[in-house]
Structures are given as structure tokens and as C-alpha cells.
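A look at the structure
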Amino acid sequence: MTAPLRIGFIPLVDAAALIVAVDKGFAAAEGLEVELVREVSWSNVRDKLNIGLFDAAHLLAPVAIASSLGLGHVKVPIAAPFNLGINGNAITVSPTLYAALMEEIDGDRFDPLATAKALAKVVAKRRKAGAEPLTFGMTFPFSTHNYQLRFWMAAAGVDPDEDVRLVVLPPPYMVESLKSGHVDAFCVGAPWNSVAVDLGIGHILHFVSDILVRAAEKVLALRQVWADKNPDVVAALVRAAVKGAEFIEQSANLAEAAQILAQPERIGVDAEVIQRTLTGRLKISPDGTLRESGRYLLVGREGAGRPEPVQAAWLYAQMVRWGQTALTPDGVKTAMAVFRPDLYDAAVGREPPADAPAAFGAFTGPAFDADNIRGHLEAFEVGRWKA
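Residues numbered from 1 in each chain as written. Predicted model: local features only at pLDDT ≥ 70, side-chain atom pairs only at ≥ 80, totals over all residues. Heavy atoms only, no water.

**Details of the packing of aromatic side chains**
Counted by the stated rule, this structure contains seven aromatic pairs. Taken together, a centroid distance of 5.8 Å and an interplanar angle of 70° make the contact between phenylalanine 151 and phenylalanine 380 edge-to-face. Of the two residues, phenylalanine 151 is situated in helix H7 (residues 144-154) and phenylalanine 380 in the segment after helix H17 (373-378); the sequence distance between them amounts to 229 residues. The two residues phenylalanine 151 and phenylalanine 380 agree in class, both being buried. Here the aromatic residues Phe151, Trp314, Phe363 and Phe380 are joined through ring pairs into a cluster of three or more. Its guanidinium or amino end placed over the ring of phenylalanine 207, arginine 291 lies 4.5 Å from that ring's centre, counting from NZ or CZ. (Phe/Tyr/Trp six-rings, centres within 6.5 Å; stacked < 30°, edge-to-face > 60°. Helix = DSSP H or I, 4+ residues; strand = E, 2+ residues; numbered from the N terminus. Buried < 20%, exposed > 50% of the residue type's maximum accessible area, 1.4 Å probe, protein only. Lys NZ or Arg CZ within 6 Å of the ring centre and 35° of its normal.)

Spelled out as C-alpha cells, the structure:
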């Protein structure tokens, strides 16, 4: 048995593989003693990981990259040997904003370009009327939620820095902020979108898998120095997480997995809400309308656990697009080096796949090429990057 590990997490369903790995004994079977520490904000998780209060963490993939680049905080290189979640976010809007969008929409309500164009019309009407800009909540400046909201809005010419307000809120506070009218909409991970719908205060407008086909969302994050010193522990932790993900992805285990995650010290919401998330069958409106998607949240299936460096390159490109960093060859290299498929492959004893799953696809815009980020960014009219 190794020394006890302290691992931080936020109460979100994409922490499931980690939570199940510990609570079902998969980590113990690998010789690991793990204490999971529930946190409220991503800055808390990042800071405690960076200074060594946590040995590992459930972390936003872009935060791992930003930490390695020294953006927004001190520079601490991070290694991510396991993807805890692909996709899993959704955009939820207030009933008032939903009605305004549906009044303006021309086309399929589930088409992100149609809703983005409707948003542009709503924004223009509000400006003409002298109304306050719409406020959208997201979880962190360096987050897929931020980039997904921006990607969606900008596709219809809505400038996320000029035409609306984007504010940072910890995931557990999103619902109350929508209820109180402090925000008009938010982008967050499960289960908080479903909680808003169940309370009758929100409509799920889009699963983010409508916007990006396969977005790296959360990673198992380790300090690079610590990972280098503890290769056997890293391998054991990855194997435990893989077993947790495999358990969750077995339909016969869904009810048990949901009960584990529902515990107050874990996610702390009703198990039925969590089970909906894991099956990708969600109630999207207070009237009970259901929507199902096999891509809503990938925990382990379709190779989701293996980190793909091209995903990190796409996230880095968003940081550049929105003025968080400059485009440099070293920056791309550093970002891609955060995602460690080599550590994953070594831990599980598998050869790298001949054909990796489709790493990226979006509802609009050019195909992404990690070798030509400049060309990719030049194709977009709205952004903050400097050539």
C-alpha cells in the first residue's frame, strides 16, 4: 500500500470514474489508499494541486494546459494521463430567454447555427431597446464551457466580449444564479442543467455535443514533477480510473453507479438525475420533453479515457482566439505535452490505437489541423487574437 493520496474533485458527473474507482474498491485493489476531497471552485482545485495539497485532481482540461503555460496563475507543468470525461456540458437558458429565442428562430431548434442567429437577433433588439446585455454563466475563464459558449455565439456574429456578459460561477451555484435572475443562461456540466429543468427554471438549449462532436472536458491531473517521481502510482491510478469507467459503462451497473455518485459527500443530488446523465436521456424542458444522445457524456466508451494531444491543441487554439495567450510554436508544443497517451498506454498495457477516434468536429467552421492553428483561426471573423 502506498502513502495515502489526496485527490480533489468538483461535484459533477464527469468525476464518476474517479469516484467509482475509489468507492467500489478498484483503487484499493491497485494498492492505493485514496481520500477524495470535494471542492466548490476550480480555482481551489487548481491551487491545491499546484502547491501539493492534492496529489491529483479532477480538473478542467484547459486549466491543466493554462497551468503548464503559466496563464492566469503560477506556472506549474501538469500531466494528464486519463480523460475523465468527453463532452457532458449543456447550455441552459431561462424561460424568458428561451421564449425570446424561439420567437426569433428560423430553422431547426436543435441546430446551433439557427439558435446562434436567433441569439444575434435578440441581442440586437435588446440593444435597440436600451436593455442590459444578456448575462451567461460559465465555470472558469480557462474552461471548455467558456470556449463552447464563445464558439456558438460567434458563429452568428455575436461578440462574446462586446454583445453579452460572460461571468464565472462555480458549478453548484449556477442553478441559484439562474433562479435569482443574476444570469440569463449558463453552460455547465451535469447534473446542474437537469437540476434547473427539474425546478422549472430552465430549458436545456443545447448539449455541447451539438456544438463540438468530441470535446475533452475533464482530466485526471497530476503535477508533472510528482508524476515523474511516482510512475508506479500513476499507472495504478490510471488503471483504477479505467476500471471505474468500465464499471459505469456497463448498463447493468448504472443504478448502482448513480447511487454511489448521489451520496452527499460526492455529488449530492438525486440518483435518478445522475442516471439520466449517464444514459444521455435528459429532460430538456419543464414540460417533460425528453432528448436522448449517445454522445452527451462519454466516460469510458469509444476510447474516451485515452488523452489525445490534438484535443489539447484545439483548446490552446481557443485560448489564442480569445486573447488569453499568443500563438507560438512552444505554446502549441507545451499544450499538447499535457495530454499523456503514453502514460495511459503504459498503464493499461495496450498498444496505441492505429486509428484514434475522431478528435474534433464542430457544427460550423473549418476542419481543425493542429499543424496549422494560424490558418484555422484566420477563418473566423470574430475573435481577439493578434496575427
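Structure's up, so let's keep going.
**Focus on unusual backbone geometry**
Residues alanine 190 and proline 191 are joined by a peptide bond in cis, for which omega reads 15°. With respect to the helices and strands, the residue proline 191 is situated in the loop between strand S8 (185-189) and helix H9 (192-198). In this model, asparagine 87 sits at a positive phi of 65°, which is unusual for a non-glycine residue. Considering the arrangement of structural elements, one finds asparagine 87 in strand S4 (residues 78-87). We note that glutamate 302 has phi near 55°; this positive angle belongs to a residue other than glycine. With respect to the helices and strands, the residue glutamate 302 is situated in the loop between strand S13 (297-298) and helix H14 (309-321). Using a relative accessible area of 47% as the deciding quantity, one classes glutamate 302 as partly exposed.

**Focus on the domain arrangement of the protein**
You can read the domains of the protein as domain 1 (5-86 + 215-267 + 300-377) and domain 2 (89-213). Taken together, the 32 residues of domain 1 in the interface contact 32 residues of domain 2. At the boundary of domain 1 with domain 2, total buried surface from both sides reaches about 2600 Å², with 74% on carbon and sulfur atoms. Where domain 1 packs against domain 2, one counts zero salt bridges. (Domains from an automatic or database assignment. Contact = heavy atoms within 4.5 Å. Buried area = accessible area lost by both parts, 1.4 Å probe. Salt bridge = Lys/Arg side-chain N within 4 Å of Asp/Glu carboxyl O.)

**Quick word on the sheet that holds strand S1 (residues 5-9)**
Backbone hydrogen bonds hold the strands of a sheet together, and the pairing may be parallel or antiparallel. If you trace the six strands from one edge of the open sheet to the other, you get S2-S1-S3-S10-S4-S13, paired in mixed fashion. Of all strands in the sheet, those bounded by a partner on one side alone are strand S2 (34-38) and S13. Sitting on the sheet, helix H1 (residues 16-23) is in contact with S1, S2, strand S3 (56-60), S4 and strand S10 (216-223), with an inclination near 140° to S2. Seen against the sheet, helix H11 (residues 231-248) touches S1, S3, S4 and S10 and runs at an angle of roughly 5° to S4. (Pairing = 2+ DSSP bridges. Axes fitted to C-alpha atoms, helices over the stretch in contact; angles between N-to-C directions.)

**A look at helix H3 (residues 42-50)**
Those residues of H3 that fall on the buried side of the exposure criterion are Trp42, Val45, Arg46, Leu49 and Asn50. Along the axis of H3, the buried positions cluster into a sector of 120°, meaning they face one direction only. Those residues of H3 that are buried lie in contact with S3, helix H4 (61-69), S4 and S10. Two residues or fewer after H3 comes glycine 52, characterised by a positive phi angle close to 95°. (Arc of directions from axis to C-beta.)

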